[in-house]
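Listed here are the chains, written in short residue letters.
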Amino acid sequence: MDINTIHRSAKARFRGACRVCPVCNGTICAGEVPGMGGLGTGAAFRHNIQALAECRLNLRTVHSVKKPDLACRILGLDLALPVIGAAIGGIALNMNGAMAEAEYTAAIISGCRQAGTIGMTGDGPVPVVFDAGLDAIGREDGWGIPVIKPRDTDKIVELAKQAAAAGAPAFGMDIDAAALVNMTNAGQPVGPKTIQELAYIKNHTPIPFIVKGIMTPDDAEACWQAGVDAIVVSNHGGRALDHTPGTAEVLPYVAEAVKGKMTVLVDGGIRSGTDVLKMLALGADAVLLGRPLAIAAVGGGADGVAFVLNKYKAELSAAMILTGTAGLSDVPVEILW
Ligand SMILES: Cc1cc2nc3c(=O)[nH]c(=O)nc-3n(C[C@H](O)[C@H](O)[C@H](O)COP(=O)(O)O)c2cc1C
């Protein structure tokens, strides 16, 4: 298996729904939602890419870091690398039938496990999206994290309990889907949540609670006050609100507010192991990878997902050696130029 074969196969299966560009940067697919693009002008997606591109690393080689340690512990889970598979729901519905939902979620969940990490699954207006994710997680002994839309709080509690029963070690809620019309149109209203509602969800669910889609220090602080276990700094890959900044731009401010008090994850525009290291230096404990793994799953199934994660692992290891970074528990900001 190699990356070109995975990409060729994905391109054929997507039949134009994703062009599988040499660099996945949101330019050609701007406005393609449904599809793989960013919403509206596509600016928020592109800002994710640009923000990381503008962040540079100091090349340092006079030191003793010959074998960096890539292992990390996130929400009590031991991972071989600080890269988690992001939730991507509705592949079957939105991508020219590139892959059935069950086949897709199984590829993500199994591929992540194969590479020594964990994957997330999504939610959508039809039950098959959430259910396929939970099935895939159940089949991998509970090794996966379902992410629930910001539905009615009691519905979230009900779905989170199902996740716990399937063995999931945590569940998420993508709060940035608060204005998703296709959910509301399907009679499943979504909306923003108050601190009290977040606390209610936290207090009525038995596993750690991750809130995904936080872009300001104030919202991060509110999550912490509500007792949330982890946040994902994310703009939903540029698919929630046009013209947000890139996640790498806001991450340092969010991390300053809550780092050390709760787990800080980030996603958006990460396209290499080098980008992973940048995000950790900016304050993240680990990252989520979206489109690159979706393309890998469609092009190469679980093996494709594991292949791409191992590629990121090798790139991260090289970047750690070349910046003198021995481990991941507290990557110093000084590695950035
Ligand atoms: C087609 C598509 C579907 C998505 N579906 C979901 C979803 O169901 N739940 C969720 O939390 N995030 C969803 N996301 C957002 C991703 O989890 C993630 O935040 C984003 O893709 C990260 O940016 P990246 O693709 O540049 O890595 C989706 C993203 C895409 C592109």
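- The name given to the protein in an unreviewed UniProt entry is L-lactate oxidase, and the organism recorded there is Sporomusa termitida.
- The protein has a UniProt comment under Cofactor (unreviewed entry) that states "FMN".
- Entered under Catalytic activity (unreviewed entry) in the UniProt record, the comment concerning the protein runs "(S)-lactate + O2 = pyruvate + H2O2".

## What to know about the overall build of the protein
And step 1. In terms of regular secondary structure, the protein is built from twelve helices and ten strands.
And step 2. Taken against the 2.2 N^0.38 rule, which gives 20 Å for 337 residues, the C-alpha radius of gyration of the protein at 18 Å falls within 12% of a compact globule.
And step 3. Relative to its full complement of 337 residues, the protein shows a buried share of 55%.
And step 4. Across the protein, contacts joining residues at least 24 apart in sequence account for 71% of those joining residues at least 6 apart.
And step 5. As displayed, the protein offers around 13300 Å² of accessible surface, 55% of which is attributable to carbon and sulfur atoms.
And step 6. Both charge centroids of the protein, one from 28 positive and one from 32 negative side chains, sit 6 Å from each other.

## Side note on the UniProt feature "binding site: FMN" (unreviewed entry) in the protein
And step 1. Residues annotated by UniProt as "binding site: FMN" (unreviewed entry) correspond here to Lys212, Ser234, His236, Asp267, Gly268, Gly269, Ile270, Arg271, Gly290 and Arg291.
And step 2. Turning to its location among the elements, Ile270 is positioned in the loop between strand S9 (263-266) and helix H11 (273-281).
And step 3. When sequence neighbours within four positions are dropped, the list of residues in contact with Ile270 reads Leu52, Asp275, Val276, Met279, Val287, Leu288, Leu289, Pro292 and Tyr312.

## Notes on the site of the ligand
And step 1. The local shell around the ligand holds 23 residues, among which Ala87, Lys212, Asp267, Arg271 and Arg291 are the closest.
And step 2. Note that an oxygen atom of the ligand is positioned 3.5 Å from one of the side-chain N or O atoms of Ser234.
And step 3. For the ligand, an oxygen atom lies 2.9 Å from a polar atom in the backbone of Gly269.
And step 4. Protein coverage of the free-state accessible area of the ligand, which is 610 Å², stands at 98%.
And step 5. Its residues assigned to classes, the shell around the ligand shows six nonpolar, nine polar and eight charged.

## A look at the pattern of salt bridges
And step 1. Under the counting rule described, the total for this entry stands at 13 salt bridges.
And step 2. Lys155 is the partner of Glu158 in a salt bridge, and the nearest nitrogen-oxygen pair spans 3.4 Å. In this pair, Glu158 and Lys155 are both assigned in helix H6 (residues 153-165), three residues apart and thus about one turn of the helix distant.
And step 3. The salt bridge partner of Lys311 is Glu315, with a shortest N-O separation of 3.0 Å. Of the two residues, Lys311 and Glu315 are both situated in helix H12 (residues 291-323); the distance of four residues between them amounts to about one turn of the helix.
And step 4. For Lys311, a relative accessible area of 32% translates into the label partly exposed.
And step 5. Judged by relative accessible area, Glu315 falls into the partly exposed class, the value being 22%.
And step 6. Here the residues in one salt-bridge network are Arg113, Glu140 and Asp141, joined through shared partners.

## As for the packing of helix H2 (residues 43-53) against helix H10 (residues 247-258)
And step 1. Contact pair H2 / H10: the axes reach a minimum separation of 7 Å and the direction vectors enclose 70°. By the angle class used here, H2 and H10 are roughly perpendicular. In this structure, H2 contributes His47, Asn48, Ala51 and Leu52 to the contact, and H10 contributes Thr247, Ala248 and Glu249.
And step 2. Residue composition of the contact of H2 with H10, grouped by class: three nonpolar, three polar and one charged.

## Details of the environment of Gly213
And step 1. One can find Gly213 in strand S7 (residues 209-214).
And step 2. Separated by 18 residues in sequence, Gly213 and Ile231 place their C-alpha atoms 7.6 Å apart.
And step 3. Setting aside residues no more than four positions away along its own chain, Gly213 makes contact with Ile175, Asp176, Val232 and Ser234.

Criteria and cut-off values
The residue count restarts for each chain, going from 1 along the sequence in the order it is written. At least 70 in pLDDT is required for a residue's local features to be given in this predicted model, at least 80 for side-chain atom pairs to be given and counted, and no such filter applies to totals for whole chains, interfaces and linings, which use all residues. As a rule here, side-chain values cover all heavy atoms of the structure and leave hydrogens and water aside. UniProt positions are given in the numbering used here, feature names are shortened, and annotations may be inferred rather than shown by experiment. Secondary structure elements are defined from DSSP: runs of H or I of at least 4 residues count as helices, runs of E of at least 2 residues count as strands, and each element is numbered from the N terminus. Here the globule rule reads 2.2 Å times residues to the power 0.38, and the radius of gyration is calculated from C-alpha atoms. Exposed residues in this analysis have more than 50% of their type's maximum accessible area, buried residues have under 20%, and partly exposed residues fall in between, with area computed by a 1.4 Å probe over protein chains only. The criterion used for residue contact is that any of the two residues' heavy atoms lie within 4.5 Å. Residue-level accessible areas treat just the shown protein chains as cover; the underlying method is Shrake-Rupley with a 1.4 Å probe. When charges are counted, neither His nor the chain ends are considered; positive counts come from Lys and Arg and negative counts from Asp and Glu. A single reference atom marks each charge: NZ on Lys, CZ on Arg, CG on Asp, CD on Glu. Throughout, the term near means that a residue has one or more heavy atoms lying within 4 Å of the molecule or strand in question. Any pair of N or O atoms that falls within 3.5 Å is considered a polar contact. Within protein, one atom must be able to donate a hydrogen and the other to accept it, and sequence-neighbouring residues count only if both atoms are side-chain atoms. Polar here means any residue outside two lists: the nonpolar Ala, Val, Leu, Ile, Met, Phe, Trp, Tyr, Cys and Pro, and the charged Asp, Glu, Lys and Arg; Gly therefore counts as polar. Any carboxyl oxygen of Asp or Glu within 4 Å of a side-chain nitrogen of Lys or Arg constitutes a salt bridge here. Interaxial angles span 0 to 180 degrees and are taken between N-to-C directions of axes, which are lines fitted to C-alpha atoms, for helices over the stretch in contact. Relative orientations are named as follows: roughly parallel for angles under 35 degrees, roughly antiparallel for angles over 145 degrees, roughly perpendicular for angles from 65 to 115 degrees, and oblique for any other angle.

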